[in-house]
Amino acid sequence: MRLMHKLGDWFDQRLQLGAPLRETMEHPIPRETASWAYVFGSAAMTVFGLQVVTGILLAMIYVPSAGEAWNSLQILNHQVSLGWFIRALHGWGSNFMLAIVLVHMVQVFLFGAYKFPRELTWILGIFLLLMTLGMAFTGQVLRFDQDAYWGLGIGASIASRVPVLGAPLVNLMLGGPIIAGATLSRFFALHVFVIPGLLMAFVGLHVLLVLKLGINEWPMPGRLVRRSDYLEKYHNLARTHGVPFMPYGVWKDAVFSGVILLFIAACALHFGPFGPSGQPDPRVIQTAPRPDFFFLWLYALLSLLPPALETPVLLIGPVLALIVLLGLPFVSGEGEKSWKRRPIAVLTILLVAVALGTFTNLASHTPWSPVMDAGTGTPIPAKFLSGRTPIQIQGALVFQAKQCHNCHAIGEGGGRRGPALDVVAVRLTEDQLVRQVLQGGGNMPAYGKNLNPAETTALVSFLETLHPAGQAPAHDASRTAGEQP
Amino acid sequence: MSVPGDFSRRQMFLKIAMLFNGVVGVFLGIPIVRYLLSPVTGGRKPGYESWISLGSVEQFPSGQTRLATYRNPIAQSSDGQTADIPCWVRHIDGGSFQVFAINCAHLGCPVRWFPQSGLFMCPCHGGAYYADGARASGPPERGLFEYKFKILDGKLHIQAGELPTPGSSARIHYITPSTGSPRCA
């Protein structure tokens, strides 16, 4: 023990870090901030540490070459001892890191922590969020599988819509004319060197600012922030109602970080690593690419926006969002901090959460995508076929053979791109059905060129049978006008 | 502690040193920027596209649409399978062809051909196209991207080499099916 002390003294005499470190760790924080609500920032940093460690471990095996990356992931998953576990830790760590960063952001927003004098801390935080998202996207690319390949195509298509600079931007992003070896190499450089380096620098500044300016005090309704006297009030609060950061705040940070790491390990053990899915071979087109969880909302948005709005929303939306986030501390740098007196702040968070949640949920069952194999793989339930005439059965065959089922559900199965047809005969008359099938419209392709008259007649006579037992199908009143009732 | 006269002299040296480093920085910066921008031009005057053969015309029966693949004209050994690019070849009749890019004109996902319904469908966001590549429904704002083609010595050649995207589509020429395509023999 004495030897350890001596050794410690020897180093400290040279490094002279002991005193400033002790001062930092024991600096007074307002008593209420030693709270479980203040643990997310440190947890995000801990998970980032886990990502760095597992990332370095993966880089020892991973081959950043378009021809080899997928194989090296297979080797990690199946041949290297516990390679699958390190991959799973890295993948789940990524999800947890993003989730914790978002929770941290919501917490500091609701606690008014972005107000004077912590504007720069908030701005650095916004960039940290963007970098974390950047790490998630580039990491998904390094898992060089089908989803990564076509995901890059989507990224390139979005970049290409930038006016004037679109085409060069695509070349810059891909490192050449197509998604290939150069693309993976540059995403590797971004994921492993550029973004992590920036992240470390920004995390350092972010934490430095927290230490310099003091942790945001627990907001009390009615205690307003004013530039003129805030600093003095804060220092009084920290002096009179302060406790040392260590151990009052630190032990909760440590416990929470540990719990999070355990959760990540549990997810990694239970669910295993993410992918890789099929090989990144563009010739394999039987694929339905999907983004990772945190980009699913974007996937839904891209499917649901009206076509004409898409490019403006894609190009202007992120800029506006960034301006709003960066401008926030300057627009409302003073005033009320407590979320109890900031209903619009609370509603904004709820609105954004509900919107993102809804989009994410929609993207998990993609009602906008045709079910590509429904025509051959999903039969029409028997109850829609029994008791039908031969021509109606023939119509049901046309329905399957012409892939109508890919977009329209009958009973349980089938696509949901178009409306379900269980009771279509109640909505549309025979003539309207013929018109809709032949001419399309309302987001349905026209089938006039691909159905001969016999097929059309059969199909429509089948569709005419799709109505509830006790309810008559719609009919054109003009056809029977003048007839005796 | 500074000596007044000496101070301004050192100050001037510092300024000269900074100016010198600025010049060195620019000198090093130009090649770095050119290196970073190299994918935009690739150092090639005509761009990335060139004529490639998709194989004998007989592989594509009249009235049918079939998947063909080609090795991208610009490829490195490290590209692996990613440089093997598929495309849809529609043989209308005679020497009249349409060659479509595999990429949906919306966001680039691979479209699949359904001969029974005569539609190309996209698995991602639900875009659909008619047999001639025209937009049928869904989010795409235009028809499928179409490659220029010519028939040389009984082989179908297309002009390709770059990922077609909505932004770069100006370089991919759209040929209306009614007029047919110019044939170079």
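Residues numbered from 1 in each chain as written. Chains lettered and ligands numbered in written order. Predicted model: local features only at pLDDT ≥ 70, side-chain atom pairs only at ≥ 80, totals over all residues.

Caption draft 1: Focus on the overall build of chain A. Within chain A one finds 22 helices and two strands. Taking 485 residues into account, the globule formula puts the C-alpha radius of gyration at 23 Å, and chain A, at 30 Å, lies well above it. Taking the principal axes of its C-alpha atoms as reference, chain A extends roughly 105 × 60 × 45 Å. Classification of the 485 residues of chain A by burial places 37% in the buried group. Sequence-distant contacts in chain A: of pairs separated by 6 or more residues, those separated by 24 or more amount to 78%. (Helix = DSSP H or I, 4+ residues; strand = E, 2+ residues; numbered from the N terminus. Rg over C-alpha atoms; globule rule 2.2 N^0.38 Å. Buried ≥ 20, exposed ≤ 12 C-beta atoms within 10 Å, placed from the backbone. Contact = placed C-beta atoms within 7 Å.)

Caption draft 2: How the structure looks around the environment of Phe120 of chain B. Residues and elements named next belong to chain B. Along the chain, the position of Phe120 falls in strand E6 (residues 119-121). Owing to 28 C-beta atoms within 10 Å, Phe120 belongs among the buried residues under this scheme. In this structure, the C-alpha to C-alpha distance between Phe120 and Cys104, residues 16 residues apart in sequence, is 9.2 Å. Not counting residues within four places of it along the chain, the set of residues in contact with Phe120 comprises Val111, Arg112, Trp113, Ala128, Tyr129 and Leu144.

Caption draft 3: Representation of the sheet that holds strand E10 (residues 149-152) of chain B within the structure. All names here are of chain B. Strand order across the open sheet formed by three strands is E1-E11-E10, with antiparallel pairing between neighbours. For this open sheet the edge positions go to strand E1 (50-56) and E10, each flanked by a neighbour on one side alone. Neighbour-to-neighbour, the strand axes of this sheet turn through a mean angle of 35°, independent of strand direction. Of the strand pairs in this sheet, E10 and strand E11 (residues 155-160) are connected by four bridges, and their pairing is antiparallel. Residue pairing across strands places Ile151 opposite Leu156, the latter belonging to E11. (Pairing = 2+ DSSP bridges. Axes fitted to C-alpha atoms, helices over the stretch in contact; angles between N-to-C directions.)

Caption draft 4: Geometry of the domain arrangement of chain A. As far as domains go, chain A holds domain 1 (25-363) and domain 2 (374-477). For domain 1 of chain A versus domain 2 of chain A, the separation of C-alpha centres amounts to 47 Å. (Domains from an automatic or database assignment.)

Caption draft 5: Seen up close, the confidence of the model for chain B. All names here are of chain B. Of all residues in chain B, 83% attain a pLDDT of 70 or more, and the chain-wide mean is 85. Here residues 169-185 is a poorly scored stretch, pLDDT under 50, and it has 23 contacts once near neighbours within four places are set aside; other chains count. Reported confidences for the modelled complex are a pTM of 0.90 and an ipTM of 0.86. (pLDDT = per-residue confidence, 0-100.)

Caption draft 6: Local environment of the domain arrangement of chain B. If you check the domain split of chain B, you get domain 1 (1-43) and domain 2 (50-171). Between the C-alpha centres of domain 1 of chain B and domain 2 of chain B the distance comes to 50 Å.

Caption draft 7: How the structure looks around the interface of chain B and chain A. Contact residues are listed per partner, giving 49 residues for chain B and 56 residues for chain A. Only helix H1 (4-41), strand E3 (84-93), strand E5 (112-114), E6, strand E7 (128-130) and strand E8 (135-137) of chain B provide two or more residues apiece to the side of chain B that touches chain A. Top element by residues in the side of chain B that touches chain A is E3 of chain B. It accounts for three residues.

Caption draft 8: Just the nonpolar core, in detail. By size, the foremost hydrophobic cluster in this structure holds 106 residues, and its most contacted members are Val47 and Ile100 of chain A together with Cys87 of chain B. Apart from residues lying up to four places away in sequence, Ile100 of chain A is in contact with Phe40, Ala43, Ala44, Val47 and Ile260 of chain A. Counting residues in hydrophobic clusters, the runner-up holds 20 residues, among them Cys407, Val437, Leu451 and Ala458 of chain A. (Core = buried A, V, L, I, M, F, W, Y, C linked by C-beta atoms within 7 Å.)

Caption draft 9: Quick look at the pairing of E11 of chain B. All names here are of chain B. In this structure, E1 lies alongside E11, joined through five bridges in antiparallel fashion. Paired with Ser53 across the strands is His157, a residue of E11. The antiparallel pairing of E10 with E11 creates a hairpin that spans two residues between the two strands, and Asp153 there sits at a positive phi of about 50°.

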